[in-house]
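Each chain is listed here by its residues.
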There are 6 protein chains.
Amino acid sequence: MKVAVIRKAHFNAAHRLHNPKWSDEKNDKIFGLCNNYNYHGHNYELEVKVSGEIDPDTGMVIDLKDLSDLIKAEIEDRFDHKNLNLDTEEFANLNPTAENICVVIYNILKGKLGEKYDLHVRLYETPRNFVEFPA
Amino acid sequence: MKVAVIRKAHFNAAHRLHNPKWSDEKNDKIFGLCNNYNYHGHNYELEVKVSGEIDPDTGMVIDLKDLSDLIKAEIEDRFDHKNLNLDTEEFANLNPTAENICVVIYNILKGKLGEKYDLHVRLYETPRNFVEFPA
Amino acid sequence: MKVAVIRKAHFNAAHRLHNPKWSDEKNDKIFGLCNNYNYHGHNYELEVKVSGEIDPDTGMVIDLKDLSDLIKAEIEDRFDHKNLNLDTEEFANLNPTAENICVVIYNILKGKLGEKYDLHVRLYETPRNFVEFPA
Amino acid sequence: MKVAVIRKAHFNAAHRLHNPKWSDEKNDKIFGLCNNYNYHGHNYELEVKVSGEIDPDTGMVIDLKDLSDLIKAEIEDRFDHKNLNLDTEEFANLNPTAENICVVIYNILKGKLGEKYDLHVRLYETPRNFVEFPA
Amino acid sequence: MKVAVIRKAHFNAAHRLHNPKWSDEKNDKIFGLCNNYNYHGHNYELEVKVSGEIDPDTGMVIDLKDLSDLIKAEIEDRFDHKNLNLDTEEFANLNPTAENICVVIYNILKGKLGEKYDLHVRLYETPRNFVEFPA
Amino acid sequence: MKVAVIRKAHFNAAHRLHNPKWSDEKNDKIFGLCNNYNYHGHNYELEVKVSGEIDPDTGMVIDLKDLSDLIKAEIEDRFDHKNLNLDTEEFANLNPTAENICVVIYNILKGKLGEKYDLHVRLYETPRNFVEFPA
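The structure displayed is predicted, hence computed values, not measured ones.

Asks: Any chance you could explain the overall build of chain A here in plain terms?
Replies: Looking only at helices and strands, chain A features 4 helices and 5 strands. Start at the N end of chain A and walk to the C end: the helices and strands fall as β-α-β-α-β-α-α-β-β. Counting only C-alpha atoms, chain A reaches 60 × 25 × 25 Å along its principal axes. In chain A, which comprises 135 residues, the share counted as buried stands at 60%. Sequence separation of at least 24 residues holds for 67% of the intrachain contacts in chain A that already meet a minimum separation of 6.

In structure tokens, the structure reads:
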């Protein structure tokens, strides 16, 4: 009898897709415009889904204020108005593709929410491209 | 080989989150602005997902006209332009959180649709907050 | 050479359309479901458009942080999670139709922004119904 | 540890719902306006979800350029600005309901993507009606 | 002191862009895929803006129920689930481009609303292409 | 009797708000997070509105294919997947605020479209912040 609660959030960031083990030619071939040397950027839209039992006293699965505070403290403050490659530990050595960003966000939030809740993360890189973890 | 058919609907309602077993202080602490004594309100957006086999004669899982008529008769007419706490039986003694409203809608529709179809309900309380049942 | 800057905001409120000079029958006839005695509610989406010259030092017409702080202090804190009829001075004796709410918001913001900027307000009562002032 | 990647696409097409084994009366009764003799049409919005492991060298599940090229070549070029009943092989003898179109698109793409990826297709016939396969 | 009230509506229709005075080659060159012999179609989204003074007794510029009934009777019932070229008088001899459809809708509604209100019509042919009259 | 035609487009770019005549402290105070040394980024959504008379032979104000080709060649190819500060001539010495980007886009397109059409540009920096020129 689990119910899912979804909260949307967002952050704006610069990034560059690049594999340092590859030549410039191969990076261009694989990542195309996303490999632009001076970075480009996105408005990332985030949907965090938390599933669990309804607490009979509150009628809620999780306090949405607590959830949105958690997302702000752990995700928005970390990534908003940042260069993901240069300004963050998480992507210093990890290519900031939408897939990798989504898994990183999942792992950060999972570590805070614990085993009580099921977690699912959807991340829009643009309105036409988005990713989900777990699939 | 099941296909899902999703129909959107909506209703506008007033509500107040409140637990009568708690003090005013505790209600304020837990529910915050949502505990406002004189109610506040939302445009609830509803997505009803019905899954089943495609009927080979019609090419349809369920007649969308029948489904939208059912949602209108059972959900919109019951909750639209109402005060959920004061004007409905369902929430006379049940806190009208998004989670509880979603489960109530699921149960009403499940009772009408029967075992032939799988049912899933998503309810948007605001464009940034929504819930789903089953999770 | 004026440029317009638009900031979106939102508030959730309960209201009832009612003219105390009219009989119950006439109120029902004119306002229909919107006259529901125990109120109903909406997610109001607001677009505040401020037009002026670009400041050559900042490249901005108005600091968006200042504008969103102003909207929060003057509009969201005043109307969010409120019953417009019962909890606000502005609609104690003014019918809270979308048209009247829009003009009230325009007048509040115009009084704060002064003559330096042109102002235009759009207010969505639902995704399918909205109003603008000035027309 | 699978991640899902979703790409949106769209096509505009005319269609008519009709079962040639039925009388005109029965077609009118079952399909209503959708049985209009001279066709009507829609902006179909498509979401193709492809799930798999992240390639550690690219950080990607699938190259989005490859996926959007595949959708263009196999779906958009086939159905965009077409009359589904008259201009396509797929619906020459299959009623072009949203359900059937969705399964046809799934089968076309599955045949190209193979077993490496899980596939899921969502098709919007209008902003308020959409279908998914598998359910 | 005029306020504008906007109501959204929609209709689904098939159409073909074609100038019978031109050769097939010229029609193909000018209209491209939109000239498809067997038609294609769209979900047309319509925004009807009506501007006027607020009635002090109702707090409304126009009764939204009356406006949406008018749009349904005059526009949706006329064009929804139709082939614009074959099933309507308006486009029997007028090319059903978005521009022409928009002006036709304006003229129909203007004839019903009269001089009391200013009228403006926006018509979306797709989410990325739309037109407005008057400009 | 002018009709307006609007075409949406988009580009993803990195930028930094900064006035080189000011101290770091003043830049931080005025531009806040937008002054991040290593840039951040956005999905810019663009609406280009072109107004003119309907050509009686085509039923169109402007060929949408020509308009979208023009926007691609002059705006998307110039700014998409770029760092506006480092990779473009236009913002080498002009602060890339939404206001300035909007006026630059207007001037580029106006130079190509000429006096035959009226032009208006709307630019979304985020879904909640956008600008228009002329106001």
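Asks: Sorry if this is basic, but what is going on with unusual backbone geometry here?
Replies: Backbone phi values are negative for most residues with the exception of glycine, while trans is the configuration of most peptide bonds. Between F133(E) and P134(E) the backbone carries a cis peptide bond, its omega angle lying at -5 degrees. With respect to the helices and strands, the residue P134(E) is situated in the segment after β5 (129-133).

Asks: Hey, could you run me through helix α2 (residues 64-79) of chain D in this one?
Replies: Residue and element names in this part refer to chain D. A rise of 1.5 Å per residue sets the reference length of α2, with its 16 residues, at 22 Å; its end C-alpha atoms lie 21 Å apart and thus fit the reference within 8%. By the largest-angle criterion, K72 marks the main kink of α2, which is about 40 degrees. Those residues of α2 that fall on the buried side of the exposure criterion are L67, S68, L70, I71, E74, I75, E76 and F79. Contacts made by the buried residues of α2 are with β1 (3-15), β2 (40-52), β3 (82-83), α3 (84-87) and α4 (98-113).

Asks: What exactly am I supposed to notice about the relation of the copies chain B and chain C here?
Replies: Note: a rotation about an axis with an accompanying shift along it relates these two copies of the chain. The two copies are related by a screw motion: chain B maps onto chain C through a turn of 180 degrees and a shift of 0.0 Å along the axis, at an RMSD of 0.0 Å. These values place the two chain copies in the arrangement generated by a two-fold rotation axis. Residue by residue, 100% of the interface of chain B is reproduced at the interface of chain C, so both copies engage with the same surface.

Asks: I keep staring at the interface of chain F and chain A and nothing clicks. Help me out?
Replies: In many analyses, interface size is given as the accessible surface area lost on bringing the parts together. Counting residues at the interface gives 22 residues for chain F, matched by 22 residues for chain A. Together, the buried faces of chain F and chain A total about 1700 Å²; carbon and sulfur atoms form 51% of this surface. Summed over the three residues of chain F that lose the most area to chain A, namely N38(F), N43(F) and H81(F), the buried surface amounts to 35% of that side. Among the elements of the structure, β1 (3-15), β2 (40-52), β3 (82-83), α3 (84-87) and β4 (118-126) of chain F are those that each provide at least two residues to the side of chain F that touches chain A. Among the elements that line the side of chain F that touches chain A, the one with the most residues is β2(F), at 5 residues. Each residue belonging to the side of chain F that touches chain A can be placed in one class, and the counts come to 7 nonpolar, 10 polar and 5 charged.

Asks: Can you walk me through the environment of A73(E) in this structure?
Replies: Residue and element names in this part refer to chain E. Among the structural elements, A73 can be located in helix α2 (residues 64-79). Of the residues examined, A73 reaches a relative accessible area of 45% and is grouped as partly exposed. Sequence separation between A73 and I108 is 35 residues; the distance between their C-alpha atoms is 11 Å.

Asks: Explain the pairing of β1(F) here, please?
Replies: If a strand is regular, its side chains alternate between the two faces of the sheet. Of all 13 residues making up β1(F), 10 are buried, and the element is well covered by its neighbours. Bridge analysis of β5(E) against β1(F) gives 4 bridges, and the strand direction is antiparallel. Across the sheet, V131(E) pairs through a bridge with V5(F), a residue of β1(F). Pairing between β1(F) and β2(F): 13 bridges, direction antiparallel. Within β2(F), the position partnered with R7(F) by the bridge is V48(F). By the bridge criterion, 2 bridges tie β1(F) to β3(F) in an arrangement that is parallel. The residue bridging A13(F) from the neighbouring strand is K82(F), located in β3(F).

Asks: I would appreciate a short explanation of the arrangement of the chains in the present structure.
Replies: Taking C-alpha atoms as the reference, chain A and chain C come no closer than 15 Å and do not contact one another. Nothing in chain B touches chain E; the tightest C-alpha to C-alpha distance between them is still 15 Å.

Asks: Quick question: what am I supposed to make of the interface of chain B and chain C here?
Replies: Contacts between the two partners involve 22 residues from chain B, matched on the other side by 22 residues from chain C. When chain B packs against chain C, the two sides together hide about 1700 Å² of surface, and 51% of this comes from carbon and sulfur. In terms of surface lost to chain C, no three residues of chain B exceed N38(B), N43(B) and H81(B), which account for 34% of the buried area on that side. Where chain B packs against chain C, one counts 0 salt bridges. Counting only elements with at least two residues in the side of chain B that touches chain C, the list comes to β1 (3-15), β2 (40-52), β3 (82-83), α3 (84-87) and β4 (118-126) of chain B. Of the residues forming the side of chain B that touches chain C, the biggest block, 5 residues, is contributed by β2(B). When grouped by side-chain class, the residues that make up the side of chain B that touches chain C number 7 nonpolar, 10 polar and 5 charged.

Asks: Explain the relation of the copies chain F and chain A to me, please; I cannot follow it from the model alone.
Replies: Turning chain F through 180 degrees and shifting it by 0.0 Å along the axis lays it on chain A, with an RMSD of 0.0 Å. Of the residues that chain F buries at the interface, 100% are likewise interface residues in chain A, meaning the two copies contact each other through the same surface.

Asks: Looking at this model, I keep getting lost on the environment of V131(A). Mind explaining?
Replies: Along the chain, V131(A) turns up in strand β5 (residues 129-133). Accessibility expressed as a relative area gives 2% for V131(A), which makes it buried. C-alpha separation for the pair V131(A) and V121(A), spaced 10 residues apart in sequence, amounts to 8.3 Å. In this view, V131(A) contacts A98(A), E99(A), C102(A), V121(A), R122(A), L123(A), V3(D), A4(D), V5(D) and I6(D); residues no more than four positions away in its chain are not counted.

Asks: Can you walk me through the side chain of H40(F) in this structure?
Replies: Mapped onto the secondary structure, H40(F) falls in strand β2. A distance of 3.4 Å separates a polar atom in the side chain of H40(F) from a polar atom in the side chain of H42(F).

Asks: Honestly, the packing of aromatic side chains in this entry has me stumped. Any pointers?
Replies: For any pair of aromatic rings, geometry is given as the distance between the ring centres together with the angle between the planes. Counted under the stated rule, the structure contains 36 aromatic pairs over all chains. Between Y106(C) and F133(C) the ring centres are 4.9 Å apart and the planes differ by 90 degrees, which places this aromatic pair in the edge-to-face class. Here Y106(C), found in helix α4 (residues 98-113), pairs with F133(C), found in strand β5 (residues 129-133); they are 27 residues apart in sequence, far enough to count as distant. Each member of the pair, Y106(C) as well as F133(C), is classed as buried. Members of the aromatic cluster, each reached through a chain of ring pairs, are F11(A), Y44(A), F79(A) and F91(A).

Asks: Is there a simple way to explain the packing of helix α2 (residues 64-79) of chain C against α4(C) in this structure?
Replies: Between two packed helices, what matters for the description is the angle formed by their axes and the separation of those axes. Residue and element names in this part refer to chain C. Where α2 contacts α4, the two axes come as close as 10 Å, and the packing angle between them is 145 degrees. Here α2 and α4 pass one another in a crossing that is right-handed. Residues L70, E74, I75, R78 and F79 of α2 form the contact with α4, whose own contacting residues are V104, I105, I108, L109, K112 and L113. Within the contact of α2 with α4, the residues separate by chemical class into 8 nonpolar, no polar and 3 charged.

Asks: Sorry if this is basic, but what is going on with the confidence of the model for chain A here?
Replies: The predicted structure's coordinates, where accompanied by low pLDDT, should not be read in detail. When the pLDDT values of chain A are averaged, the result is 98; 100% of them are 70 or greater. Confidence estimates for the predicted assembly give a pTM of 0.97 and an ipTM of 0.96.

Thresholds applied
Residues numbered from 1 in each chain as written. Chains lettered and ligands numbered in written order. Predicted model: local features only at pLDDT ≥ 70, side-chain atom pairs only at ≥ 80, totals over all residues. Heavy atoms only, no water. Helix = DSSP H or I, 4+ residues; strand = E, 2+ residues; numbered from the N terminus. Buried < 20%, exposed > 50% of the residue type's maximum accessible area, 1.4 Å probe, protein only. Contact = heavy atoms within 4.5 Å. Expected span 1.5 Å × (residues − 1). Bend = angle between axes of the 7 residues up to and from the residue. Least-squares fit on C-alpha atoms with pLDDT ≥ 70 in both. Buried area = accessible area lost by both parts, 1.4 Å probe. Nonpolar A, V, L, I, M, F, W, Y, C, P; charged D, E, K, R; others polar. Pairing = 2+ DSSP bridges. Salt bridge = Lys/Arg side-chain N within 4 Å of Asp/Glu carboxyl O. Polar contact = N/O pair within 3.5 Å; in protein donor to acceptor, adjacent residues only side chain to side chain. Phe/Tyr/Trp six-rings, centres within 6.5 Å; stacked < 30°, edge-to-face > 60°. Axes fitted to C-alpha atoms, helices over the stretch in contact; angles between N-to-C directions. Left-handed = near helix turned anticlockwise from the far one by under 90°. pLDDT = per-residue confidence, 0-100.

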